Amino acid sequence: MASSIPPLRPATDRTAAKPSPAREPLWRHALGECLRGLRHERGEKLSETARRAGVSPQYLSEMERGVKEPSSEMIAAVAGALDVTLVDLTLAVAESLRSAQSSTSRGATCSAAYALAA
């Protein structure tokens with residue numbers, strides 16, 4: 001009985017560097033940048049804002065650095081401590097994401113950002 005053996009193919013060089021597409025910034029990174037910017041505009045220390053928000057300074061620092069994926073309750077608490085509404089914060093984050101996009105991929109991403117803002 002003859003078995004069928006597939007023809008040999010040239011080996012693919014999997015170590016060759018492939019150009020990686022530009023990565024879209026993550027929501028948590030854009031959120032963190034906005035929170036830090038708002039806190040700096042107010043001239044506040046991390047501990048002051050964290051105390052008013054009811055979170056630890058370490059947690060707020062992680063939010064600002066984009067390390068944490070905070071819950072909506074945590075975002076609302078920090079927004080309140082910074083005297084901004086969730087709508088205004090969300091729009092600021094969406095605008096930040098929008099401006100970070102290249103002109104070639106802007107269309108679909110803007111729709112997604114506006115969906116998040118809604």
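Residues numbered from 1 in each chain as written. Predicted model: local features only at pLDDT ≥ 70, side-chain atom pairs only at ≥ 80, totals over all residues. Heavy atoms only, no water.

So, about the overall build of the protein. The helix and strand tally for the protein stands at 6 helices and 0 strands. Beginning at the N terminus, the succession of helices and strands in the protein can be written as α-α-α-α-α-α. Counting all 118 residues of the protein, 28% fall into the buried class. Counted over contacts in the protein with a minimum sequence separation of 6, partners at least 24 positions apart contribute 62%. As presented, the protein carries roughly 8,300 Å² of accessible surface, and 56% of it is formed by carbon and sulfur atoms. (Helix = DSSP H or I, 4+ residues; strand = E, 2+ residues; numbered from the N terminus. Buried < 20%, exposed > 50% of the residue type's maximum accessible area, 1.4 Å probe, protein only. Contact = heavy atoms within 4.5 Å. Areas by Shrake-Rupley, 256 points an atom, 1.4 Å probe, with all protein chains shown as cover.)

Relative to the helices and strands, G54 resides in the loop between α2 (46-53) and α3 (57-64). It is 8.9 Å that separates the C-alpha atoms of G54 and M74, two residues lying 20 residues apart in sequence.

Take E44: it is sitting in the loop between α1 (27-41) and α2. Accessibility expressed as a relative area gives 12% for E44, which makes it buried. Separated by 3.0 Å, the side chains of E44 and R42 make a polar contact. Excluding anything up to four places from it in sequence, E44 contacts R39, T49, R52 and L82. (Polar contact = N/O pair within 3.5 Å; in protein donor to acceptor, adjacent residues only side chain to side chain.)

Attention shifts here to the confidence of the model for the protein. Detailed reading of the predicted model is not advised wherever pLDDT is low. Looking at the protein as a whole, its pLDDT mean stands at 81, while 67% of the residues score no less than 70. By mean pLDDT, the top-scoring element of the protein is α3 (98), and the lowest-scoring one is helix α6 (residues 106-117) (48). Low pLDDT (under 50) marks residues 106-111, which in the prediction has 5 contacts with non-local residues, meaning those over four places away or in another chain. The low-confidence segment residues 113-118, where pLDDT is below 50, has 7 contacts with residues more than four positions distant or belonging to other chains. (pLDDT = per-residue confidence, 0-100.)

Judged by nonpolar contacts, the single largest core of 18 residues is most densely connected at L31, L35, V55, M63, V78, L89 and V93. Contributing elements (two or more residues each) for this core: α1, α2, α3, α4 (72-81) and α5 (86-100). When near neighbours in sequence (up to four residues on either side) are disregarded, L31 contacts P70, I75, L89 and V93. (Core = buried A, V, L, I, M, F, W, Y, C linked by side-chain atoms within 4.5 Å.)

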